[in-house]
Amino acid sequence: RRVLLLGEGNFSFSAALSGAPGTHVVATCYESEQEAGGRGGAARSIRRLRDSGAEVVFSVDCTKLKEHFLLGNREFDRIYFNFPHCGRKAGVVKNRQLLARFFHSCAEVLAQEGEIHVALCNGQGGTPADQPRREWHNSWQIVAVAAGAGFILSDVHPFKAETIEGYKCTGYRSQDKSFCVEGALNHIFTWSTAPLCFTPVSCETQLGSQNVSFQVPQVLMDKMNRGFLEVNSGHPVRTIKEKLSAGLNQAFPLQNISSCLPLLHQGHPDGVCHSSIFWITLSPGEAPSTEKTSQGLADAVLFSHFGQDTDRNAQEGCSVPQQFYLRPFLLPHAQAIIKKGDFPPGTLQVFSGPVFRKCRISPHSMPVFHEMLIVLAVSRGTENSCIQMLVENIKTTLNSLQQGISGVKPSISLQEATSFGTELNDFAAFEWQLGGVQHFLWVGTDPDPSGCCVGVIRTAPDELKSHELVVVSASLNLDLLAMLLCGISDWRMLWTSDRRFLRQFPEGELRLFKSFSLYPPSYVHDVSFWVPPGEEFDEVAFHTLARRVSGEMVISIQLRDSFQQPGTGRRSLCYRVTFQSCDRALGCREAAEMQLHLREEMQQHLGVTLR
């Protein structure tokens, strides 16, 4: 590998690295050879470097690296810059600017899998790893500066000068003097994945007896057809689904029904807020005829859950409104199979696949997740014991998974639906809207033993016409389970395109996740606007718009202020929008551009007047 060292003082660090097997060292400094050679010990280190076959280059500007190396020798696997400084009494602003130009220069010479190592004195970096930590404005803000050039902080550890043979720090205020490196940190940066490309994407699916295509909503473009649950997938979501299925199969006969479940539904689901649905317009010329739509009822185009009037109209061949939307749950597919009578009692029917719901922005609220729906027909009067057996089986599997990952037993509880409070997450609140919820399944793990709701249990005694049978169902959020069991703090990480995520789960093995993007910078912007008199402001639509405009780079939206103008009745709202990425570089300039774009889109699509 080719290793580039910048800003060397007496070349003692370079000399310590030279001679390592398989490594070609290129050691450089900003000064001329005559100036550098006058430093104590420099001449000896330079001779050692050259004797080992290393290159020594002088008068190298770290902000113009491309100019110093020929095209064929321009790519480096590792770049070191120990204790950079503008010299003399330069303050934090000048040194921040130096780092910004340095990182942009590195972008022209660093290999795709390369690393940048930057050692800074204690407190300079401005990350939580610094002890004590300086105030943000008084630091070099190294992570934010690197993000502007497309790099993320992937590791940080102490710079142990005493372990480097022959190393002696020098260059204090551009002099041949040493300086204190106690508490110094080595920051390791790697390439970030490229920003998302918002090219329109079409998706094909089956709607009744017809294949149709539609344009994917922009906020979901990178989340369609990802194949997390496919046989060859090593994603933790699939692993958890397979482990749960295997555990359930030990207690019940089990049948997986996951293929060919249509993505689109038609009509409007009862009990679900209109603004929570991703409404879809079919591609021109592809809307199915009324006859074909009505005929497709048996193929799960329309479901009784959508309301008796819609169901009856379809059966009678009447006109059906041409409203389509992405499925927000899998329950209607189970209901369609139950109505056909193809539902053997005592056998678990397992449905799984992605579902889509508009929701507010938070680390555990996701507009798309993988639902696992478990449905069982049991004898009337035995439903409570079957629910208990089902839950105990799920508990046993989750306990086994968690102890295999971290050695810590998770906290798993079943709570009566009548006893819930305001602590329900978006998943549970949506399920509660659908009705029929008997119990909530809560899972807590260290460091958050209180956990959150990951599943709901329902009984539907009227779903079958038989007086002897009752249908029991359990809906599980596989994405939330993966987050809790593997220690993933942000749902967006499950959908990252960065290959470093799946590398941590070889062959589907569940492990504690270690983030490859440490201390990502956040950028806070406020937006104030007037809401027309007499109108309610749709917060879910606002959050969905922010997701789309930022490419899921908004991590928080909080209401800061609200007041009503006397006389006019107009209401003013002020929200604080926080931009932060969990897996890729996000610079302050890019975040500011997102904020400006968000303001424009709010005025155009939400009907508000900006202040």
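For the structure, check the block above.
What you see is a predicted model; the values in this text were computed from it and never measured.

1. Observations regarding the overall build of the protein
Right, on to step 1. Of regular secondary structure, the protein possesses 15 helices and 23 strands.
Right, on to step 2. Taking all 611 residues of the protein together, the buried fraction comes to 54%.
Right, on to step 3. Partitioning the intrachain contacts of the protein with sequence separation of at least 6 by distance along the chain shows that 71% fall at a separation of at least 24.
Right, on to step 4. Of the roughly 27600 Å² that the protein leaves accessible, carbon and sulfur atoms contribute 48%.

2. A closer look at the sheet that holds strand β21 (residues 554–564)
Right, on to step 1. Strand order in this open sheet of four strands is β21-β22-β20-β23, and the pairing throughout is antiparallel. Taken across any chain shown, the strands that pair with only one partner, and hence form the sheet edges, are β21 and β23 (609–610).
Right, on to step 2. Judged from the nine bridges that link them, strand β20 (residues 523–531) and strand β22 (residues 571–579) form a sheet pairing that is antiparallel. Directly across from Asp526, in β22, lies its bridge partner Arg576.
Right, on to step 3. Each of β20, β21 and β22 is contacted by helix α14 (residues 539–550), which is oriented at about 140° to β21, the strand it contacts most.
Right, on to step 4. Its contacts with the sheet put helix α15 (residues 588–605) on β20, β22 and β23, and the angle it makes with β20 is roughly 10°.

3. Digging into the packing of helix α6 (residues 236–249) against helix α12 (residues 478–486)
Right, on to step 1. Two numbers describe how α6 lies on α12: the axes approach to 9 Å, and their chain directions differ by 100°. Viewed along their axes, α6 and α12 adopt a mutual orientation that is roughly perpendicular. Packed against α6, whose contacting residues are Pro236, Val237, Ile240, Lys241 and Leu244, the element α12 presents Leu478, Asp479, Leu481, Ala482, Leu485 and Cys486 at the interface.
Right, on to step 2. Looking at the contact of α6 with α12 residue by residue, the classes come out as nine nonpolar, no polar and two charged.

4. Comments concerning the state of the cysteines
Here is the idea: a disulfide is a covalent bond, and it sits between the sulfur atoms of two cysteines.
Right, on to step 1. Tallied over the entire structure, the rule returns zero disulfides.
Right, on to step 2. Here Cys106 is not disulfide-linked; the sulfur of Cys62 is the nearest cysteine sulfur, at 7.8 Å.
Right, on to step 3. Residue class for Cys106 comes out buried when judged on its relative accessible area of 0%.

5. Some points on the pairing of β21
Right, on to step 1. When β21 meets β22, the two strands line up antiparallel, connected through nine bridges. Paired with Val554 across the strands is Phe579, a residue of β22.

6. Here's the deal with unusual backbone geometry
Right, on to step 1. Residue Pro132 follows Gln131 across a cis peptide bond; omega there is -5°.
Right, on to step 2. Backbone geometry places Phe83, a non-glycine residue, at a positive phi of 50°.
Right, on to step 3. One can find Phe83 in the loop between β4 (76–82) and α4 (92–106).
Right, on to step 4. The phi dihedral of Glu552 is positive, around 65°, even though this residue is not glycine.

7. Focus: empty space enclosed by the protein
Right, on to step 1. Applying the stated criterion across every chain yields a total of three cavities of 30 Å³ or more.
Right, on to step 2. Roughly 70 Å³ of internal volume is contained in the largest cavity.
Right, on to step 3. Elements supplying a minimum of two residues to the lining of the largest cavity: α5 (142–147) and β6 (151–158).
Right, on to step 4. Looking at the lining of the largest cavity element by element, the count peaks at three residues for β6.
Right, on to step 5. Looking at the lining of the largest cavity, its residues break down into ten nonpolar, two polar and one charged.
Right, on to step 6. Reported here for the second largest cavity is a volume of approximately 50 Å³.
Right, on to step 7. When the residues that make up the lining of the second largest cavity are grouped by side-chain class, the tally is five nonpolar, one polar and four charged.
Right, on to step 8. Formed jointly, the lining of the second largest cavity draws a minimum of three residues from each of two domains, domain 2 (202–282 + 324–503) and domain 3 (523–610).

Each value, and the rule that gives it
- Residues numbered from 1 in each chain as written.
- Predicted model: local features only at pLDDT ≥ 70, side-chain atom pairs only at ≥ 80, totals over all residues.
- Heavy atoms only, no water.
- Helix = DSSP H or I, 4+ residues; strand = E, 2+ residues; numbered from the N terminus.
- Buried < 20%, exposed > 50% of the residue type's maximum accessible area, 1.4 Å probe, protein only.
- Contact = heavy atoms within 4.5 Å.
- Areas by Shrake-Rupley, 256 points an atom, 1.4 Å probe, with all protein chains shown as cover.
- Pairing = 2+ DSSP bridges.
- Axes fitted to C-alpha atoms, helices over the stretch in contact; angles between N-to-C directions.
- Parallel < 35°, antiparallel > 145°, perpendicular 65-115°, else oblique.
- Nonpolar A, V, L, I, M, F, W, Y, C, P; charged D, E, K, R; others polar.
- Disulfide = S-S within 2.5 Å.
- 1 Å grid on protein atoms, 1.4 Å probe; cavity = no way out; pocket = protein on both sides within 12 Å on 5 of 7 lines; lining within 4 Å.
- Points joined across faces, edges and corners; volume = space filled by probe spheres on them.
- Domains from an automatic or database assignment.

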